[in-house]
Structures are given as C-alpha cells and as structure tokens.
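Overview (structure and organization)
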There are 8 protein chains.
Amino acid sequence: MKKKDIVKLLQDYKQGTLSEEEAAAKIAEVPFEEMQFAEIDHHRELRQGMPEVIYAAGKTPEQVRDIFASLYSHSDGNLLATRASREHYDKVLEKVPEAEYDETARLIYLDRDRSLQRDENHQILILTAGTSDVPVAEEARLTAYLFGNVVKTCYDCGVAGIHRLFAHLPEIKAANVIIVIAGMEGALASVVGGLTDKPVIAVPTSVGYGASFKGVAALLSMLNSCAMGVSVVNIDNGFGAGALASKINKLR
Amino acid sequence: MKKKDIVKLLQDYKQGTLSEEEAAAKIAEVPFEEMQFAEIDHHRELRQGMPEVIYAAGKTPEQVRDIFASLYSHSDGNLLATRASREHYDKVLEKVPEAEYDETARLIYLDRDRSLQRDENHQILILTAGTSDVPVAEEARLTAYLFGNVVKTCYDCGVAGIHRLFAHLPEIKAANVIIVIAGMEGALASVVGGLTDKPVIAVPTSVGYGASFKGVAALLSMLNSCAMGVSVVNIDNGFGAGALASKINKLR
Amino acid sequence: MKKKDIVKLLQDYKQGTLSEEEAAAKIAEVPFEEMQFAEIDHHRELRQGMPEVIYAAGKTPEQVRDIFASLYSHSDGNLLATRASREHYDKVLEKVPEAEYDETARLIYLDRDRSLQRDENHQILILTAGTSDVPVAEEARLTAYLFGNVVKTCYDCGVAGIHRLFAHLPEIKAANVIIVIAGMEGALASVVGGLTDKPVIAVPTSVGYGASFKGVAALLSMLNSCAMGVSVVNIDNGFGAGALASKINKLR
Amino acid sequence: MKKKDIVKLLQDYKQGTLSEEEAAAKIAEVPFEEMQFAEIDHHRELRQGMPEVIYAAGKTPEQVRDIFASLYSHSDGNLLATRASREHYDKVLEKVPEAEYDETARLIYLDRDRSLQRDENHQILILTAGTSDVPVAEEARLTAYLFGNVVKTCYDCGVAGIHRLFAHLPEIKAANVIIVIAGMEGALASVVGGLTDKPVIAVPTSVGYGASFKGVAALLSMLNSCAMGVSVVNIDNGFGAGALASKINKLR
Amino acid sequence: MKKKDIVKLLQDYKQGTLSEEEAAAKIAEVPFEEMQFAEIDHHRELRQGMPEVIYAAGKTPEQVRDIFASLYSHSDGNLLATRASREHYDKVLEKVPEAEYDETARLIYLDRDRSLQRDENHQILILTAGTSDVPVAEEARLTAYLFGNVVKTCYDCGVAGIHRLFAHLPEIKAANVIIVIAGMEGALASVVGGLTDKPVIAVPTSVGYGASFKGVAALLSMLNSCAMGVSVVNIDNGFGAGALASKINKLR
Amino acid sequence: MKKKDIVKLLQDYKQGTLSEEEAAAKIAEVPFEEMQFAEIDHHRELRQGMPEVIYAAGKTPEQVRDIFASLYSHSDGNLLATRASREHYDKVLEKVPEAEYDETARLIYLDRDRSLQRDENHQILILTAGTSDVPVAEEARLTAYLFGNVVKTCYDCGVAGIHRLFAHLPEIKAANVIIVIAGMEGALASVVGGLTDKPVIAVPTSVGYGASFKGVAALLSMLNSCAMGVSVVNIDNGFGAGALASKINKLR
Amino acid sequence: MKKKDIVKLLQDYKQGTLSEEEAAAKIAEVPFEEMQFAEIDHHRELRQGMPEVIYAAGKTPEQVRDIFASLYSHSDGNLLATRASREHYDKVLEKVPEAEYDETARLIYLDRDRSLQRDENHQILILTAGTSDVPVAEEARLTAYLFGNVVKTCYDCGVAGIHRLFAHLPEIKAANVIIVIAGMEGALASVVGGLTDKPVIAVPTSVGYGASFKGVAALLSMLNSCAMGVSVVNIDNGFGAGALASKINKLR
Amino acid sequence: MKKKDIVKLLQDYKQGTLSEEEAAAKIAEVPFEEMQFAEIDHHRELRQGMPEVIYAAGKTPEQVRDIFASLYSHSDGNLLATRASREHYDKVLEKVPEAEYDETARLIYLDRDRSLQRDENHQILILTAGTSDVPVAEEARLTAYLFGNVVKTCYDCGVAGIHRLFAHLPEIKAANVIIVIAGMEGALASVVGGLTDKPVIAVPTSVGYGASFKGVAALLSMLNSCAMGVSVVNIDNGFGAGALASKINKLR
C-alpha cells in the first residue's frame, strides 16, 4: 500500500464512496507482508552504497548469470558474486561483459559505483599469518573495497616470526578496523588484539593439517582469545569479515 | 631508559666522560623490553578512559582485593573485576569501601570516572532471547556502561514469539552497535542481523539442555549466521561483548 | 492501533481536524509492532485450549510464582511449569493453592480446563526402553494430558527383551501418535517405527554411561533410524514430545 | 500356515488321521516366523496407498532395475527409488519404460496410483531457507506427492530477510503440516515454529561451509529450537521428512 | 495359550461345541505376544545357571530391595545388582539378610548357586593397566565368578613398565578368555592381544585426565587395536565384560 | 641362543676353555631379543592352522605380491590379503597364479589348507541390517571360512522390518558365535543380543548419511547396547570380526 | 636368577650333580620375567638420580602413605607424590615426618638427594600465560627441581600484552629447555617457539571457559603451532612437562 | 638504525648540527621494528647450521621454485621444501638443477652444507609401528639428517608383535632422542617410553580406518601415555618431529 493508495482511500472515504466501516477495515487489513516490505524498503535506503551480493556456491552458472544480469540492470551499485568459479564467470560474461573476476578471491564483481567515497582516514587493515591464508584475505579485501573502503594488507606475518608482525606496527596503529586471518593455531588474532585498541575481526582458515581439523583449531583459539576486542566469523569466511569490517568502518 | 637517561648519556658523551664507542654501544643496547614498555605506554594513552579490568575467576579473594586496591590508588578511571563472587567482593570492601557489586553480572566495580562522556546518539543495544540469558547480558551491559557508553536493553525477545522482537524495531534502528545474547539454538542473531545494517556482536550462552552442549549449538548457529555483519565471541562472554561493543561504538 | 483508533482517525480527517497529509502519514506509520500483535492475537485464538507454559529452569521461585499467578488470573486454561523444583512449587502455592506438583515429571500444573475433550479414539502412546527413562516419559505424559489428550503408557519394554515390547502390540496398533523414549543405544525407536504406520516421536534420554555421552548415542541412533516416520526432539525433552504429540493428535 | 492348512489340520484330527497329541504339537509349533509374516501382512493392509520405496544408494543399477521391475509387476501403487543416479534410471528404463526421473530430487518414480485422493484441505507446506536447500526440498515434495498429498512450496525465505518469510504467512496458516528445510544456522525452523500451531518437521541440510560441519550446526540448532512443536529428521533426509509429513497429514 | 488350552480347543471342536470356523479362527488368533513368551521361555532354559541381574543405578533403594527379594524367592540361582550403592544394600538387607556387598565393585550379590561348576581348565584372566582400574576389574571379576567361572587377576601391569606384564606370561598362556582393563591410552589391550591367541575383551576406563576425555582416548585406542582378536565394551563396563567373558568361556 | 649353543657353552666350561666367570657372564647376557623370539616361536605353534594375513591397504601392488609369494613358499596354510584392490591382485597373480580374489570382500586369498576341519556343530552366523552392509559381511565371512569355520549368513534383516529377522530365529539358535553388521543406527546388535545367549560381535559400518557420521552413530549405539554379551570392533572391520569369531568358535 | 645362582648351576654341572641335559634345560628356562627384571634393573642404573614417583590420584591416603614410606626406606633419592591432596599428606606424615607438601602444586615430596648437581648453565625456564596457570606451572617447577635441575619461572606473560613477554627475552635466551603453560587460546607457545632455538614443551591448561572446552582449544592450538620445535603434553600435565624437561636438560 | 647511523647521530650532536633535544628524540624514536630485526638477526646467528625451510603445500610450483632459488643464492646451508609434489620439484629444477627429491618423504632438498658435523655418539632413532607409517618417518628422517644429525630407523615394529620391537633394544639404548611414529592406536609410544630414559617424540599418523578418525585415536593415545618423557607433535608431522629431535639432539 503505497502513499498514493492511502490518499485514494482517504478521499474515497471523504467522498462517501467508501463507508467508515469499509475504510477502517481496509486500513486494519493492510497486508502484513506489504508493511514488511515497506519496512524493508526503508531499510534499503539505509543500505545505500552497499553492493548487491550473490552467493554463487550451489547455484548453476546460468542462475548466477541471470541474477547478476538482473541486479546489473535494476541497480547502479557495485555487484559481487562470492564463491564463484570460472564457469560462473564465463556465463556472467555473456550478459554483463564488464564483469571482472578475481580468481584468488573467487569473486565475480562489477566496480562501477562512483558515489562511493573511500576515506583514507578510516582504513581497514588485513593481516594474514601465512601465504596460504591469502585467498581468504583477498576475498575480504576485495569485498571491503567494493563496499567503499580503503583497505591495506600485510600478508605472511604469523607469530612464529614475530618481527615480521612488528614491522607493521605503523599500519596497525593507522587502521580503524583490523581483520586477522590465520589457520593452524590462529595465535595472530590474540597478539594483534593486544597491540591495538581498534576492533579486531578474526577469520579462522582451514589452512593446516592433522589436528587443525580444517580450521577448528584456529576457530577455537580465536574464540578463546585472551585479548579484549576480538570477535570471530566463520571459517574461511573472508566475505563476511570484509562486509562486517565495512559496516564498522562506516560508523561515525 | 627514560628521556632524562638519554639526555644524561648525550651530555656525558659531549663532555667526554663517555667515548663515542661507549655511547654508541649503550644506545644499541637500549634494552629491548624498555623500548617495548615505551611502545606500550604510548598505547596506554590511547586507552584513556578505558577501565582497568581484573579477571577474578581463579584468583583468591585476597589477590583480587590487592590488585583492585592497587589500581584504585594508581589510576582515576573506572575499575572492573569480572567473574567475581561475593567472597571476592567482601575482601575488596576491606580496602575499597566505595566498590560496588552486581550479583547478577558477577562484577565488582567502581563507577567514578567523571571524564567519560556517554553519547546518547551512539547507543549500544543488548537483546536477549530469554530471561535465562540475562546474567550474561547484565555483564555486557555494565561493562559497556563502565567503558563510557549509553546502553539500552530488551530482554526476552526470542524468535519463537517474533512479535516480541518486532516490538523493539525502533530500538534496533536507533542503535549504533547491537549485542545479541542467546542460548539454545541462537537464532536471534540471524534475525536481528537481517533487520539492521549496524554491526551485531553475537554471544552464545550455555543456556539450554541436552543437545545444546552448554552453548555449542548456539555458538555454531551464530558462526553460520546467514545474515551479513554478525560476529561472535566466546560462550557466555558478556564482558568481551561489552568491551568490543564499546570499542566499535567509540569509532568516529 | 485498535479499531476505535482507526475510526477516530477517519472521523478527524473527515471533520478536517486532520489534514489529508497528516492522516496518510499516521496510517503509514501504524506501528509495525502493533500490527504484529494483531497478527499474533489472531493466532492466539487458534491456540484455544492449549495450556500456558512456563519454563521454570533458570527462573527463581519468586519469578515462577508471579508468572504462574498472573496466568492463573488472566486465563481459564490449564497451566504448566516445566523443569520445576519443589522450591518453585512451594512458592507457587503461596499464590495458587490449587496448583499441583508431579515430582517425577518435575511439573507444576493446574488441571482446570473443563472445555478440553479427551478423545478415546485418538490416543497417544508412550513407550520407554527402561525404568530410568520414566521421568522423561512422565513429563511427556502429563504434558500431553494437560493439552487435552488421552495418553497410554508402556514402560520398560526395551529391545533386549523384545517379547516385552511385542506384548504391547495391541496398544501400538491402537495409538494415533507414539512417543518412544530411550537412552543407551535408543534402538527402540527403530523397532517401533517398523511396527506402526503412525508418526513416531523419538526422545533420546541421558540415561546410560560411558560412551552414551549423556544421550548423544541415543540421539544419533534415533536420527539415523532405518524406519520410516520417525522424528526426534532434544535429549530428555519430554515436554517437547508431549506438546508435539498433542499438536499432531488433534489434527483432523 | 494359511487358513486352509489350519482347516485341513482340524479335519484330519476329527477324522482321526491325526491324534490329539499330534494336532496339539502341530499347533504349538506354528512356525514363529509365519505368525510374524501374518502379523506383518495385516499391517500391510493398513499401508494401502503407500508407495513401495527402494533406497538406491549403495545398490548397483542392475539391482535397482530388478527390484523396481519386480515391484512394478507385483503391486499397483506408486513406486519410488531414492538417492538414485541417472545410471540407476537408465537401467530401470530397460524394464519399466514408464518410469520417470527427477534429477534435482534424485528420485526415480512411477506416478500411477489412481486410488490416491489428494485432499486440498490438508496441505503440506515446504519452506526452505535458501536456494541451495532446494534439492532436499524437492526430494521431500515429490515423496509427499507420491504418497498422495497436496504439497505447496516456498523456497528461499531464510530469516536474514524475514520479510520474505512473512510474505508467506497465508500459506503457513493454510498448511496442515510444515516441513522446514535449512542449512547454515537452521534458524528458520524456530521462527516458523513460533508462527504456527501445526507440527513442524525440520530438516537440516549440509549446505554451508566452515563451522557448519556439513549440517551439524543446523541439526543442533533445530534440536534446540525454542519453539514448541518442532521435531527433526536426519541431515539432508528429504525423503524421511516427506514420508513422515504424509503420515501425519493423513491422520483424521 | 498353554498346551492344555490347545487340547481343550481341539476337544471342543471334536465335540462340536466349537465350529470348524471358530476353531480355525482361534488358532489363527493365537496371541502374538504369547507365542513370543513361549519362545522366550524356551530360551530361558538355555540360560540355566546364569544369575538374575538388576541394574541398580537409577533405581531407588526400595525398588532394588523389592526386585532383589522377588528374584530371591522365585529362583535358586545367584543374584546380582550392579552399580549399587551402600544405600541400596542397606535396603536389600531388610528382606534378604544373606545378601553380600562388594563396595569396590559396587555389587550386591547372593552367591548361593551350588549347581555351578567352575572349571579350572577354562580360566578367565583379568589384567589391568593401573591400580585405578581396579574397581572396574573387580566388577568384572565378581560378575564372572557369580556366572560360574574360575577367574584370575593381575592388576597394575601397564605397558610403561612392560616387565610387569611379562612376569604374567604364564597366566596369559593359561587363560581361555582375557579381559584387559585400562584407562589413559589403553595400550595394554594391543600388547596383550599380540601375546595370546585367545579372545581379548577390552574395557576402556574413565581413568585419566585432560585429553583422556573420561575414557574416550582409551576407547578409541582399543577399537583401533592393531592386534587380532580384540573387541571392546563400553567405558567402565566391567559387568558387561564379565558377562561376555562367561558366555565365551562356557562354549565347548 | 639355540639349545646346541647352550650345550656347547656348558662343554667349553667343563673342558676349561671357558672360565666360570666367562660362562656365567655369557649366560647372563643371553640376548634379550633372542629369548623373545623363542617365546614368540613357541606361540607360533599355537597358531597352527591360522592363515597368514597381509594388510594390503597402504602397500604397493609389488609389495603385496612379494609378501604373498614369500608366505606362499614358506608355509602350507591359507593366505589372506585384506583391503586389497584388483591392482594388488593382478600383481599377486604374477607369482601365485592359484591366488583368488573376492571383489566384494576386497580379499586376495589362497584356500589350500586341507588340514582345516570345519565343524558343522560350531557355526558362525553373520547377520546384516541391510544390503549395503554386505561388503563388510563378506569380508568377515571369507575370513572366518579361511580360518577354518563353517559360516552361515542372513543378509538384510534390519529391525525396521523385524519379521525378516525373526524368520531367522532357527539360524540364530543354531549358531555358536554371531556377528552382527549394521550401519545407520545399528539397532540390530541389541535386538539379536536379546535373542541369544551366545557371544555377539557387533561391527558398525559406515553405511548411512548425515548424522551417521560414517559409522559413529552405529558404533556408539553398539557400545551402549542394553543387551548382555555384545562387544564391538572397529567401523567396517569385517576382517577383525571374522578373525575374532574364529578364535572364539574354536574354544572347546 | 642372580649371578650366584648361575655360578651354582655351573658348578653343579661340573661336579656332575647336574647332567648336561638338565643344565641346558635350566638355562633355557631362565624365567622370562627375571630376564626382564635384569633388563630393567640395568635400566634403573641409568635412571640414577631420578626421584621415585607416586601418582596419588585414585589412591587412598593409606595406600599413598605406605608406598611413600616403602620408597623412603628402600632408596636414597628424592620422592614425589603427584596429584596429592592434603588428606594424602596427613597420612604420609604419620610414617615420613620429613615429607613436605606444596598445596599449589599438589605435590608431596622429599628433597633429600644430595647427589644431585643442579647445573646453572643448563636452566629450565617455565613461562605461563596467566596467573590461573600457576598451579600447573608449580607442579612442573617442583618436579623439575626434584629431578635435579635449576628452574626459572616467569608467570603471567600472555601474548595479549606482549611486552610482558618481551621483558623476559634474556631469560628465554638463557634457557636450555622451555616449558610454556597456557590455557584459553594457548598462543604463547607459538610466540615463544618463534623466539628461541631451544626445545619448547607446551602444556595446555584447562583454564578458560565456554569454547575452551577444558583445555581442548589450547591443546589444538599448541599441536598446530606454526613454530618449529614445539611439542605438547597432556592438558594440565605439569608433572609430565617437568619430567620431560629434565630428561632433555640432562642430555650432554 | 645500524651502528654507523648511531655514530653519525652522536657526531652531529657533538658538532651541534643536532640539538640535545633533537638527538634525544631520535634515540627515543629508534624504530621499534628495526630493533626487532636486530634482535632477530642476533638470533639468526644462533641458528647457524640450520637449513632454510619452505612449506610447499599451498604454494604454486612457481612460488616454490623462486623461493628455493632465492635461498639457494643467499645462503650456504641446506635447503628443504616440505610437503612438496613432483610438480614443485620439476619447477625447482629449472633454477636449481642440483636439487634432489624424495618422493616418499615429499621433500625437495639440497644437501650441500659441509660445515655440519654429524655426531655418531648422538643418534636420533626413528621407530614406526607399521609400514604405512613410513612416509611420515622418512620425512622425519631426512629432515633430521639435513639438520645435521646421525639418524637410525627401525620400521614396522608395532606392539601387536612385541618381539619385533624388542629385537631393537640395542638401538633404543644407543639413541639420544627417539621419534615414535604410529597410527591406529598409537600404543608404541607408551611401550617405547617405558623402555628408555631418553626423550620420546611421538608422531600420530593418519594411518588406520573407521574410528581412528584420521589420526585422532593415535593422537589421544599418545597424549595420554602412561610413560614418562613422551611429548607429541601434530598428526603426520614428520618434519616437526625431525626438527625438534635435532634441536634436542644438539643440546650439550
């Protein structure tokens, strides 16, 4: 029930083509779901500047292509398809030739939103423990970038060679939000958490073997971090970390 | 090596009581740990306004009393002892009679920092699924308050009666950061995550029985949230959520 | 916004004390949550005849007493407080002297709803594997009874002495819904599931030791039942099984 | 020992070709297993209208073909082979050319039973959280259809965009039994359980990654649902949910 | 339907007081459950010489007393109540003053069956890794003894001091069945399994700490034994091991 | 140190070519490991009639071929290579053309030991719950046969259709040792355990899906069996069950 | 068979009171277990200087007293009873008044071995992450001391405040073996492992809550340490770490 | 800030081109990270003789080639790339033709360091339980060799045939450090730990099936070893064991 419909109802009532009883009933019956949509649409405005996101895993290339193309024509913002394979990308190209693909991050994306203002004074920093964590980090980086942030990265600064981490103290101090990505024992999150007063988003990765149990060791380690200000997202969830970092980074 | 020591060194060198070789050696030997402390102290200034925190669990009442009293006299900020029992509190009272105790939140605290400016336009909202989650919520609430935030709470609005949650949509919209606290299946985090664009900190609680496995069901549920912008802290970790929410809430 | 409020709004508008703009705005702003409550109240009518339920665990005796007393005076239906201790009961008695207590089932209840029509042709049958499963079974039985069902029970008919189960084939055939309650290896659910075409609700119990892991062995066993028509509720969740059985049993 | 055998025995005894001793012994020796079969056959009649089901996984295409063909000629009802691959289907076609195959649901089936009366007033509703849950949902839908039910579906209405779910409130109210299918955190089951008084069958799916542990997170979430009236079947067990929903839906 | 009932039926039929139709129907309707009992009773004879067993855990002292007393008067065999506390025993003494109690093994028992012939040539040997495993071992020993076996024991011969085990090689060679009881890493089962050709029953115990997880480490170790001829019972299940060892030891 | 060496030593000593001191020292130094081998060799005689066994998994076809060929020429008994692929078999054939291969059981074997006396009065019975359990069952069956036993099998008699099991009561009564093989919920072990007084060896299989966790559900179910006389071997360990059953079956 | 027995045997043989046949048989029959003990006794000499150790947990105070007293009189070395309560100690005092008790470390001990030479150039360093880890650390410290080592400790230097750790770099460099004790996320082990080239023994502690799972998080973290040279002992196993550190520290 | 920079600073200050204030500030600002590197470089000298190590898993062949080549030209020590495939090796060969490859150990290596002095009196012994453990053992062996140690191996001496282990007692006694590698139940670590006073490094392997859970059973077994002096590294972590053994073996 859009505003013009309400006005029409009021006028019909005033003119007597709608009885009081009828008008009251119509108002009381405003379909629940429409209210919801109104509710949500209002929300949507708040989301201005956020990319539309497609979770490609479990969807066929054709499905991703069609959703991507549909979002392409119905919005002006950035577009993002996560966990996408090259097969997905090839199909998307059929309908959206400007689409780009980052193989490491497994993201199909369209970087077209000129309204985004990336603020150099509010940087997101991404740290990884090792080079094997880079794909997850790149997913986080590109996500945060497409959400309109300045993103810095320092890869391969795990705690076993702690001087490599300390070489990046200036970046740590400069950051507004920090994403720490680590597999194996995930100790980097605690050490970084102790070096900053900014919020730290920890991403366990499935990197490791044996008793790392595909990221469980790092996940537990991060959940139990003795440092204040560390929270955790799902294993390998670079996209989630990037999106959350953006939400936090845009608070004023 | 404080500044006056460095100046002294330079003067000794100029006056010739210290050879160039000796002076260079001394500078090169600046004890690593002191540099560290300097580094950290610099940090400390950034932390201004943050309470000093004692983790009381696993410490004797006497230990907590002495640390509390020591912090009491060496700082002007708020003080906070988490996971504290009444036995801890009774001992603390011996040396710090102004200390207060919140039995539900299991916090001993001193709310004395007049420099804190609680900003009504940056509110932290705490939602719980049930009444059994309240102790964890109170720990988060009091923590965030002592860290200098305006905190609002809506308890007992779990998803099984979703109208109770929706009655609080205005508070959800008004919040800058949201803490969602839930045991059992922890579904509240996902629903709230879908209703807001602000960061959501999810706290699984050990509330529940059987296959809730003391919070594991809620923890996994929250880690796998289909909503964007949700991160998770340890089971029952109300303090951690409150401190992190404060860090995020103070970003500008 | 109740109906009279809507009528008032319409009249104000007609009389000109409310401009069209204002009236449209007010209608558009019908508080979301009120709509929700309306929605829910409609639901409530459907729930007619269902007892009001309080989950007592994690609530103080005073809290349970006050909620119980409040429901007592605001409804005419049966009342039920689950996982209640004798301390809870003693407090409830202060305000509701007619309340009864079943120590085995840990239920405080009020059996006063005379509108309930228990249908002998739609029986719920509860089977347990051993005598240690009886407390969970009694919780299910009394719940289903207070929800308005005829409930039959056959306790201690585990599969290791399968003749004890077969002696109850007539009851199994006569039942409309069957609840199977078992700890240890939980095999009873599969055997019963193979003997009936009616829905079987399986309740794993924490009975057992060693590698039963407080009900996990039975839970997994029941989830993997090779029999068609078996579903599972949480470990020791007698109340949940009783309530669900009632919902199913009342379908026509 | 069929009825004519018993009559023969009685007649032999009357005519003296069988002594009393011999007759009594024969009766006492009625083979246990035959009684059992009689027992079961009586059951079978109750099952009238239920399809014959083959679990194809772990069987060779030849085995499935032969069993399918055998059931085809010995019964008039619907036939169903679950977890079947296209290889299975190709073989089945050799002997039963009318057989159909649903690739998404992985079901080979024969929809020939004209005696089934699908009752529009007793609908089964299937809800999924995401599009990745659709294969499990289709398995449930086709199963319930072949068992003789009217089945409605609403896919992709997970709780992170709760308005999508609320748009389907009319279908939820119209349903007699509801199947909720969700992976990741499985929160949909609790939300739906709070919106209906009908039984809800929850199916966790292995959709998700990281700490979803192939459906375990959703499984635990659903078992711990705070909503009344929710029970759970095995991970990805669409067939089980469909068959159980049918059993419940046919109760009168 | 006992034999005399069948004979009566036949005679009634012959005399015409029962029509052929009626007689055939009655025979066809021989209650399923009675057949079962007959079946079982036949079994019972095979069980001759086996003690009657009560699982006391989860039963009240009064319940154990009454069952014990009932078995006492209805049989002549040995009696055994497992997982029994002294409270259980005190109550049993009220009705069965001859009952004995073994506090270590937590067994109430009556050793009165003079028909048992303990065969010195068929010995059961019980080995434990440490002294903490002794309560479980004593439960196994006394069980096997009351079932009518000669039982030998060698306690505290864990593999970390393997000479202690080797000192018992003669007993190992002399045994017909061996029970190995160990907590911690449970390695004793594999070593013994490699030294004998007789069946080895491994009992993991909950002895240990940390990552022993209350017997899980030993359980997994024993299940994965590289030695041929080792099978496993539940954690701490001394009774089960003793009863199974007796079953095996009596085979001829 | 063989006997002739000892005699030589004694003679040298008597003849004085070896001093008392030297002789005593030599005896004291009898190499530990040789004693051990003697010990073991003595054992070996007890093992007479047992096949030599090679665990093929993790060995190259060439390795299996060479070990098989070596055992072939150094013994007269049966030979057995478990978990063997066709590639293993093809290589074995190069050196031992009489070797046979059972693809279902994944066993390469040589059935040549004419000294084995299979005793019809001591039968091993193998029961499976479903047809998917057959490969494990066949591994057990062929193993037990090659160890010199009469083996009977009843496949596909799971508890969901319990009449199929009861049709085999005569075989159950006739057996001396019973192997029960089941995946999913593994309930068959408990039901069979309640129907027999003979030892039952339970083998969980990795058959199933979802929360069966590759045999863990069945494993836990079997470990927690409420029936007396059931022990368990590792998941899918058909060989272990067959070898243990043989050890038990040969006891007299 | 001690040396004099062998000499006696040889002499008897030479004198003819023992035939060659008899002598050879006796030598061949040297009881296996005695050889073993000899073997072990030889070992024992290597162990010179190691304390005798009693594991008190699971033993009665009387048992601990008697074993302690027995070791007291049969050796001259240090004595140590681990996991001992004050009740154990009170009993030990009855027979060994010089025994001491360390309540934090839960050790009863006797520090009397004057032959131990504690080498200042081979120090063991014990680091803990927090103060709650101190009891485990003290168990390790006192153990290593009683085994004859110089032990240094730095408690409460967890990674969240990494400057506290770096203040101890000189001690880290001075150490020959390092024990790192930490609960929660156990990250200290990796950081220390990266700062030293000496072996690091990591001890996870059960300190923490929620998803620390009583030390499992720290255990997994330490097993997956990205630093080279870290190995792990059981949760809370301070004694094990101390004893192993001593073994390593004494290598030359 | 290298030494010449410090000298320059001092001279500038003395000459007055730098004020006291400025000089003091510069010294205080000595970049943290440079100090760190200095610190670390000092460390590096201690590491003399240790090979450079690349973890190849998760790196592309090109990446491994380039790092390998870079280390090749910048150091004189041995080089080692772990978890390397033949594809990695083929690429490495393009730039470092002298590189060798061990397919079993999956190591690319360069054995060129002539400064290493392998000490025959300090041997590392590697024992495996079975032949399937050999790849992990070879990784440990080659690692320890390239680190400059004399390494001995005894493969396939698992506890089920304990005489095979005892045949190697001389090697066990001769060793300075022992690595025990075992899958399945991992019992070998405890037995060896009981036979030696030297440190034992236990490596669980993922060898086994069913309830071995890819090495978890062996891991738990080893962590719970009842033998003193056993510590554990990650599942299949042969490199870690070899490097740690080398660290221990080089202590004097």
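So, a few notes on the structure that sits alongside this text. (Residues numbered from 1 in each chain as written. Chains lettered and ligands numbered in written order. Predicted model: local features only at pLDDT ≥ 70, side-chain atom pairs only at ≥ 80, totals over all residues. Heavy atoms only, no water.)

Residue and element names in this part refer to chain C. With burial as the criterion, each face of strand 4 (residues 107–110) is covered, one bearing Leu107 and Tyr109 and the other bearing Ile108 and Leu110. Two strands pair when backbone bridges link them, and strand 2 (residues 79–82) and strand 4 are joined in this way by three bridges, in the antiparallel orientation. Bridging across to strand 4, Leu79 finds its partner in Leu110. Across three bridges, strand 3 (residues 100–102) lies against strand 4 in antiparallel orientation. The residue bridging Tyr101 from the neighbouring strand is Ile108, located in strand 4. Where strand 3 hands over to strand 4, the hairpin turn is made up of four residues, of which Arg106 adopts a positive phi near 55°. (Buried < 20%, exposed > 50% of the residue type's maximum accessible area, 1.4 Å probe, protein only. Helix = DSSP H or I, 4+ residues; strand = E, 2+ residues; numbered from the N terminus. Pairing = 2+ DSSP bridges.)

What follows covers the relation of the copies chain B and chain A. Overlay of chain B on chain A (RMSD 0.3 Å): rotation 179°, translation along the axis 0.1 Å. One copy is carried onto the other by what is essentially a two-fold rotation axis. Nearest to the rotation axis, the C-alpha of Arg252(B) is located 1.8 Å from it, this being the minimum over chain B. A share of 97% of interface residues in chain B that are also interface residues in chain A marks the association as one of identical surfaces. (Least-squares fit on C-alpha atoms with pLDDT ≥ 70 in both. Contact = heavy atoms within 4.5 Å.)

The subject of this paragraph is the interface of chain A and chain H. Taken together, the contact pairs twelve residues of chain A with 15 residues of chain H. Taken as a group, His163(A), Phe166(A) and Tyr209(A) account for 49% of the area that chain A buries against chain H, more than any other trio of residues on that side. Counting across the interface, chain A meets chain H through zero salt bridges. The tally of links between chain A and chain H comes to three residue pairs in polar contact (both at pLDDT 80 or more). Elements with a contribution of two residues or more to the side of chain A that touches chain H: helix 7 (162–166) and helix 8 (169–174) of chain A. For the side of chain A that touches chain H, the residue count by class is seven nonpolar, five polar and no charged. (Buried area = accessible area lost by both parts, 1.4 Å probe. Salt bridge = Lys/Arg side-chain N within 4 Å of Asp/Glu carboxyl O. Polar contact = N/O pair within 3.5 Å; in protein donor to acceptor, adjacent residues only side chain to side chain. Nonpolar A, V, L, I, M, F, W, Y, C, P; charged D, E, K, R; others polar.)

A few words on the packing of aromatic side chains. Counted under the stated rule, the structure contains 32 aromatic pairs over all chains. Judged by centre distance (5.1 Å) and plane angle (20°), the rings of Tyr89(B) and Tyr101(B) are stacked. Of this pair, Tyr89(B) sits in helix 5 (residues 86–95) while Tyr101(B) sits in strand 3 (residues 100–102), placing them twelve residues apart in sequence. Residue Tyr89(B) is classed as buried on the basis of its relative accessible area, which comes to 12%. A ring pair is formed by Phe166(B) and Phe166(D), whose centres lie 5.4 Å apart and whose planes are at 50°; its orientation type is tilted. Of the two residues, Phe166(B) sits in helix 7 (residues 162–166) while Phe166(D) sits in helix 7 (residues 162–166), which places them in two different chains. We classify Phe166(B) as buried; its relative accessible area is 0%. Arg118(F) extends its terminal NZ or CZ atom over the ring of Tyr145(F), reaching a point 3.6 Å from the ring centre. Across the ring face of Tyr209(A), the terminal group of Arg83(H) is positioned such that the distance to the ring centre comes to 4.1 Å. (Phe/Tyr/Trp six-rings, centres within 6.5 Å; stacked < 30°, edge-to-face > 60°. Lys NZ or Arg CZ within 6 Å of the ring centre and 35° of its normal.)

The interface is formed by 37 residues belonging to chain B together with 36 residues belonging to chain A. Here chain B packs against chain A, burying approximately 3400 Å² in sum over the two surfaces, 61% of which is carbon and sulfur. Remark: the boundary between chain B and chain A carries zero salt bridges. Here chain B is connected to chain A by eight residue pairs in polar contact (both at pLDDT 80 or more). Breaking the side of chain B that touches chain A down by element, the ones donating at least two residues are helix 3 (32–46), helix 8 (169–174), strand 7 (175–182), helix 9 (188–195), helix 10 (216–223), strand 9 (230–232) and helix 11 (238–249) of chain B. Grouping the constituent residues of the side of chain B that touches chain A by class yields 19 nonpolar, eleven polar and seven charged.

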